[in-house]
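Commentary on secondary and tertiary structure
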Amino acid sequence: MPSSGPSSAPSTAGQPTALYGGKAGRRVTVRDIAAAKERGERWPMVTAYDAMTARVFDEAGIPVLLVGDSAAMVVYGHDSTLPVSVDELLPLTSAVVRGSSRAMVVADLPFGSYQASPQQALETAARFMKEAGAHAIKLEGGRRVLPQVETLVSAGIPVMAHLGLTPQSVNAFGGYRVQGRGQSGDELMADAKDLEYAGAFAVVLECVPGDLAERVTASLSIPTVGIGAGPATDAQVLVWQDLMGLTPNPPKFVKRYADLAGEMDRAVRAFADEVTGGAFPTVEHSYR
């Protein structure tokens, strides 16, 4: 049965009774993720790019934080994920690791850092593990990246796979379009099974029909993480700026849980008005 909410009581095995919100004196691991699949427990994953937001999400009980290549857009201001580099993502990953204490931190391998060969993938992933302290990595693609997945897993690096709308292939897709309709759905299913066999511990399904995501989820023993893939996946992920209402014109699959943009606008205008009007700072905010 899915968890009904956060739990702070540890199980007799020393693991949290619920992946979301559970308390433990250690990081969430791939074994915890696998156990949640066996229990039928659904769980949330959120992106993070700095220590302060990582701390907030970690203390809220979010079990997995993704340092996504979406940083290209929400941190660095690009219009796609393609331009971001390994050297730009490494310090963000380090910050998220330092800002959290329980969540598993998954680092995205950016475009061009793993596609050339399994050796390139291993060298890049090793940097995220050694220099930034990531606990797992994520890469995009199906059968074409199976050698990379196998190499990383054999080296002891947990791999989260990513199928459907893989943003690094946006130019090949001709834009951000739903994937997996018709015959391509069978290909996605085959890719998912191959990735599981290669050793991936989870697979993200992005912008695929809900019925396909449901079939893939039922066919795999590893968890699926949906984003625009309907309600049947084992987990759901959103970019935190999207769910907090910072992103203008978000995709259809995004639900806004706050209007952070509006609140920030209100606050900064109030600050500016008090500065220009001489109301801030007061004696209360001054040293003697």
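Residues numbered from 1 in each chain as written. Predicted model: local features only at pLDDT ≥ 70, side-chain atom pairs only at ≥ 80, totals over all residues. Heavy atoms only, no water.

Concerning helix α4 (residues 86-99)
For clarity, the threshold we go by: A run of DSSP states H or I qualifies as a helix once it reaches four residues; a run of E qualifies as a strand once it reaches two. Both are numbered from the N-terminal end. For a helix, the expected span equals 1.5 Å multiplied by the number of residues minus one. The cut-offs for exposure are 20% and 50% of the maximum accessible area for each residue type, with area from a 1.4 Å probe on protein chains only; residues under the lower value are buried, those over the upper are exposed, and the others partly exposed. The contact criterion used throughout is that any non-hydrogen atoms of two residues lie within 4.5 Å.
Counted at 1.5 Å a residue, the expected span for α4 with its 14 residues is 20 Å, and the 20 Å between its end C-alpha atoms agrees. α4 sits mainly inside the fold: 10 of its 14 residues count as buried. Of the residues making up α4, those classed as buried are Val86, Leu89, Leu90, Leu92, Thr93, Ser94, Ala95, Val96, Val97 and Gly99. The elements touched by buried residues of α4 are α2 (51-59), β2 (64-67), α3 (71-74), β3 (104-108) and α5 (118-130).

Brief notes about the confidence of the model for the chain
When pLDDT is low, close inspection of the predicted coordinates is not appropriate. As a reminder of what qualifies: A residue's pLDDT is simply how confident the predictor is in it, with values from 0 to 100.
Taken as a whole, the chain shows an average pLDDT of 92; of its residues, 91% reach a score of 70 or greater. Below a pLDDT of 50 lies the segment residues 1-13, which in the model reaches 23 contacts outside its immediate sequence neighbourhood of four places, other chains included.

Quick look at the packing of α4 against α5
Put simply, the test is: Only the contacting stretch of a helix is used when fitting its axis, a line to C-alpha atoms as for every element, and angles between N-to-C directions run 0 to 180 degrees. Should an angle lie under 35 degrees it is considered roughly parallel, over 145 roughly antiparallel, and from 65 to 115 roughly perpendicular; all remaining angles are considered oblique. The hand of a helix crossing depends on one turn: near helix anticlockwise from the far one by less than a right angle means left-handed, and clockwise means right-handed. All residues other than Ala, Val, Leu, Ile, Met, Phe, Trp, Tyr, Cys, Pro, Asp, Glu, Lys and Arg, Gly among them, are scored as polar; the first ten of these are nonpolar and the last four charged.
One can describe the packing of α4 onto α5 by two numbers: an axis separation of 9 Å at closest approach and a directional angle of 30°. Classified by the angle their axes make, α4 and α5 are roughly parallel. In the crossing of α4 with α5, the sense of the turn from one axis to the other is right-handed. Counting all contacts with α4, which are made through Val86, Asp87, Leu89, Leu90 and Thr93, the residues of α5 involved are Thr124, Arg127 and Phe128. Residues of the contact of α4 with α5, tallied by class, amount to four nonpolar, two polar and two charged.

A short note on the environment of Glu123
For Glu123, the location among the structural elements is in helix α5. Given a relative accessible area of 47%, Glu123 falls into the partly exposed group. Separated by 29 residues in the primary sequence, Glu123 and Leu152 have C-alpha atoms spaced 9.5 Å apart.

What about the nonpolar core?
Which entries qualify depends on this criterion: Definition used in this section: a nonpolar core is a set of buried Ala, Val, Leu, Ile, Met, Phe, Trp, Tyr and Cys residues joined via side-chain atoms within 4.5 Å.
Core analysis: the biggest nonpolar cluster contains 57 residues, and Phe128, Ile137, Leu139, Leu152, Leu195, Leu205 and Val216 have the highest contact counts within it. Not counting residues up to four positions away in its chain, the partners in contact with Leu205 are Leu163, Leu188, Ala213, Val216, Thr224, Val225, Gly226, Ile227, Ala229 and Thr233.

Some points on the UniProt feature "binding site: 3-methyl-2-oxobutanoate" (unreviewed entry) in the chain
Quick reminder of the rule: UniProt positions are given in the numbering used here, feature names are shortened, and annotations may be inferred rather than shown by experiment. Polar contacts, as used here, are pairs of N or O atoms within 3.5 Å; protein pairs need one atom able to donate a hydrogen and one able to accept it. Residues neighboring in sequence count only if both atoms are side-chain atoms.
Within the UniProt annotation, "binding site: 3-methyl-2-oxobutanoate" (unreviewed entry) is assigned to Asp69, Ser70, Asp108 and Lys138. What stands out for the annotated residues spanning 70 residues is how close their C-alpha atoms remain, the widest pair being 12.4 Å apart. Residue position: Asp69 is located in the loop between β2 and α3. Classification of Asp69 as buried rests on a relative accessible area of 5%. Apart from residues no more than four positions distant in its own chain, Asp69 is found in contact with Thr81, Val84, Leu89, Asp108, Glu140 and Gln168. Relative to the helices and strands, Asp108 resides in strand β3. What makes Asp108 buried here is its relative accessible area of 3%. Ignoring anything within four residues of it in the chain, the contact list for Asp108 reads Leu66, Val67, Gly68, Asp69, Leu89, Phe128 and Lys138. Polar contacts involving the side chain of Asp108 include one to the main-chain amide nitrogen of Asp69, which spans 2.8 Å.

Details of the packing of aromatic side chains
To keep it simple, the criterion reads: Stacked, tilted and edge-to-face pairs are distinguished by plane angle, under 30 degrees for stacked and over 60 for edge-to-face with tilted covering the rest, among Phe, Tyr and Trp rings (Trp via its six-membered ring) whose centres lie within 6.5 Å.
Going through the model one piece at a time under the given rule, you end up with two aromatic pairs. Where Phe271 meets Phe280, the ring centres are 6.0 Å apart and the plane angle is 70°; that geometry is what we call edge-to-face.

Regarding the sheet that holds strand β5 (residues 159-164)
The following threshold applies: Whether two strands pair comes down to DSSP finding at least two bridges between them.
Strand order in the closed barrel formed by eight strands is β1-β2-β3-β4-β5-β6-β7-β8, with parallel pairing between adjacent strands. With strand direction ignored, the average angle separating the axes of adjacent strands in the sheet is 25°.

Examining the UniProt feature "binding site: Mg(2+)" (unreviewed entry) in the chain
With numbering aligned to this structure, UniProt lists the feature "binding site: Mg(2+)" (unreviewed entry) at Asp69, Asp108 and Glu140. These annotated residues cover 72 residues of sequence, and their C-alpha atoms all fall within 10.9 Å of one another, placing them together at a single site. Judged by its relative accessible area of 1%, Glu140 falls in the buried class. For Glu140, the residues in contact, after removing those within four places along its chain, are Asp69, Tyr114, Val145, His162, Thr166, Pro167, Gln168 and Ser169.

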